[in-house]
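Now for the letters of each chain:
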Amino acid sequence: MNRRHCKKALGLSDSKPVVLCIAGNLQDNRKGSVFLKKLNSSGLIEKAQFVYIGAGRLEHFSHPSTLALGFLRDELSLQIAYCAADLLIHPALIDNLPNTVAESMGCGTPALSYAVGGLPDMVVPHKSGWLVRELDVDSMLQTLDSLLSGNALSQIRESTRAHAKSLFSTRIVGDQYKSHFTSYLTKE
């Protein structure tokens, strides 16, 4: 989808980067609510437009630079949000192989996350996003500040999408399933 059209559909401006955060429950500490609360009270909130998708008390995300869409169930609305974003921030302290990161990368939107669980298998620094090694809010905020201050976000959209295709295309996943089941059936 055309990124400009997606931004316009959500009422977002082209003048500032769009940072997306999606969680089933934005108030869940495991999903990074501590980071989101600190972000909303930091100066970074002025450097970008923040779009939040998920359940929770959304009044915490009522700054003029934020758009809280609530919990979305339809794929088209999610795809528009992913395509409008310049960056997905995934501040979960615990996760395995999050669909939000795979979906975001498939739309060409790089991810910023902690280097936990399966995220280092998905996010290749400077190719499909950025990983924060320290599990603390200030390290994530510093990395986000650096990204919003530079031009790295626009430079890796194509490599992000290509990387996602190399990991998650239906052909590759189908071939992996076929190989797995074939090896299982041929065992004696």
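First, a word on what this report is: a plain description of the structure on this page. Within each chain, residues carry numbers counting from 1 in the order of the written sequence. Only residues with pLDDT of 70 or above have their local features reported here, since the model is predicted, and side-chain atom pairs are shown and tallied only from 80 upward, although totals for entire chains, interfaces and linings are computed over all residues. Hydrogens and water molecules were not included; the side-chain quantities draw on all heavy atoms of the structure.

### Side note on the packing of helix 8 (residues 157–168) against helix 9 (residues 170–186)
Piece 1. One can describe the packing of helix 8 onto helix 9 by two numbers: an axis separation of 5 Å at closest approach and a directional angle of 25°. Of the possible angle classes, the one that applies to helix 8 and helix 9 is roughly parallel. On helix 9, the residues that touch Lys165, Ser166, Leu167 and Phe168 of helix 8 are Thr170, Ile172 and Val173.
Piece 2. By the convention adopted, Pro, Cys, Tyr, Trp, Phe, Met, Ile, Leu, Val and Ala count as nonpolar, Lys, Arg, Asp and Glu as charged, and the other residues, Gly among them, as polar. Its residues placed into classes, the contact of helix 8 with helix 9 shows four nonpolar, two polar and one charged. Interaxial angles span 0 to 180 degrees and are taken between N-to-C directions of axes, which are lines fitted to C-alpha atoms, for helices over the stretch in contact. Runs of E in the DSSP output that reach at least two residues are strands. Runs of H or I that reach at least four are helices, and both are numbered from the N terminus. Note on terminology: angles under 35 degrees are roughly parallel, angles over 145 are roughly antiparallel, angles of 65 to 115 are roughly perpendicular, and the others are oblique. Only heavy atoms matter for contacts: two residues are in contact if any of them lie within 4.5 Å across the pair.

### With respect to the environment of Gly11
Piece 1. For Gly11, the position within the fold is in the loop between helix 1 (3–9) and strand 1 (18–25).
Piece 2. In this structure the C-alpha to C-alpha distance between Gly11 and Leu67, which are 56 residues apart in sequence, comes to 9.1 Å.

### Some details on the side chain of His163
Piece 1. Within the element layout of this structure, His163 appears in helix 8.
Piece 2. His163 gets classed as buried once you look at its relative accessible area, which sits at 9%. Summary of the burial criterion: residues with accessible area below 20% of their type's maximum are buried, those above 50% are exposed, and those between are partly exposed, where the area comes from a 1.4 Å probe applied to protein chains only.

### So, the layout of surface pockets
Piece 1. In the cavity and pocket records, a cavity denotes points on a 1 Å grid over the protein atoms alone where a 1.4 Å probe fits but cannot get out, a pocket denotes an open set with protein on both sides within 12 Å along at least 5 of 7 lines, and lining residues are residues with an atom within 4 Å of a point. Grid points are joined across faces, edges and corners, and a volume is the space filled by probe spheres set on the points. By volume, the largest pocket is sized at about 270 Å³.
Piece 2. Around the largest pocket, the lining is made up of 16 residues, and of these Ile22, Gly24, Asn99, Thr100 and Glu103 lie nearest the centre.
Piece 3. Of all the elements in the fold, those that place two or more residues in the lining of the largest pocket are strand 1, strand 2 (49–55), helix 3 (75–84) and helix 4 (99–106).
Piece 4. Class assignment for the residues of the lining of the largest pocket results in eight nonpolar, five polar and three charged.
Piece 5. In this structure, the second largest pocket spans a volume of roughly 180 Å³.
Piece 6. Forming the walls of the second largest pocket are Met1, Arg3, Gln79, Cys83, Gly106, Cys107, Gly108, Arg157, Glu158 and Arg161.
Piece 7. The set of elements that each furnish at least two residues to the lining of the second largest pocket consists of helix 3 and helix 8.
Piece 8. When residues of the lining of the second largest pocket are assigned to their parent elements, the largest contribution, three residues, is made by helix 8.
Piece 9. Its residues placed into classes, the lining of the second largest pocket shows three nonpolar, three polar and four charged.

### What to know about unusual backbone geometry
Leaving glycine out, the prevailing phi sign among residues is negative, and the prevailing peptide bond configuration is trans.
Piece 1. Despite not being glycine, His126 shows a phi value in the positive range, around 70°.
Piece 2. With respect to the helices, strands and loops of the structure, His126 is situated in the loop between helix 5 (119–122) and strand 6 (129–132).

### Comments concerning the pattern of salt bridges
Piece 1. Salt bridge, as applied in this entry: a Lys or Arg side-chain nitrogen positioned within 4 Å of an Asp or Glu carboxyl oxygen. Here the structure, examined in full by the defined rule, presents eight salt bridges.
Piece 2. Linking Arg4 and Asp14 is a salt bridge whose minimum nitrogen-to-oxygen distance equals 2.6 Å. Linking Arg4 in helix 1 with Asp14 in the loop between helix 1 and strand 1, this pair joins segments that are 10 residues apart in sequence.
Piece 3. Note that Asp95 is salt-bridged to Lys31, the shortest N-O span being 3.4 Å. Separated by 64 residues along the polypeptide, Asp95 in the loop between strand 4 (87–90) and helix 4 and Lys31 in the loop between strand 1 and helix 2 (33–40) bring together distant segments of the chain.
Piece 4. Because the salt bridges share partners, they merge into one network encompassing Arg3, Arg4, Lys7, Asp14 and Asp86.

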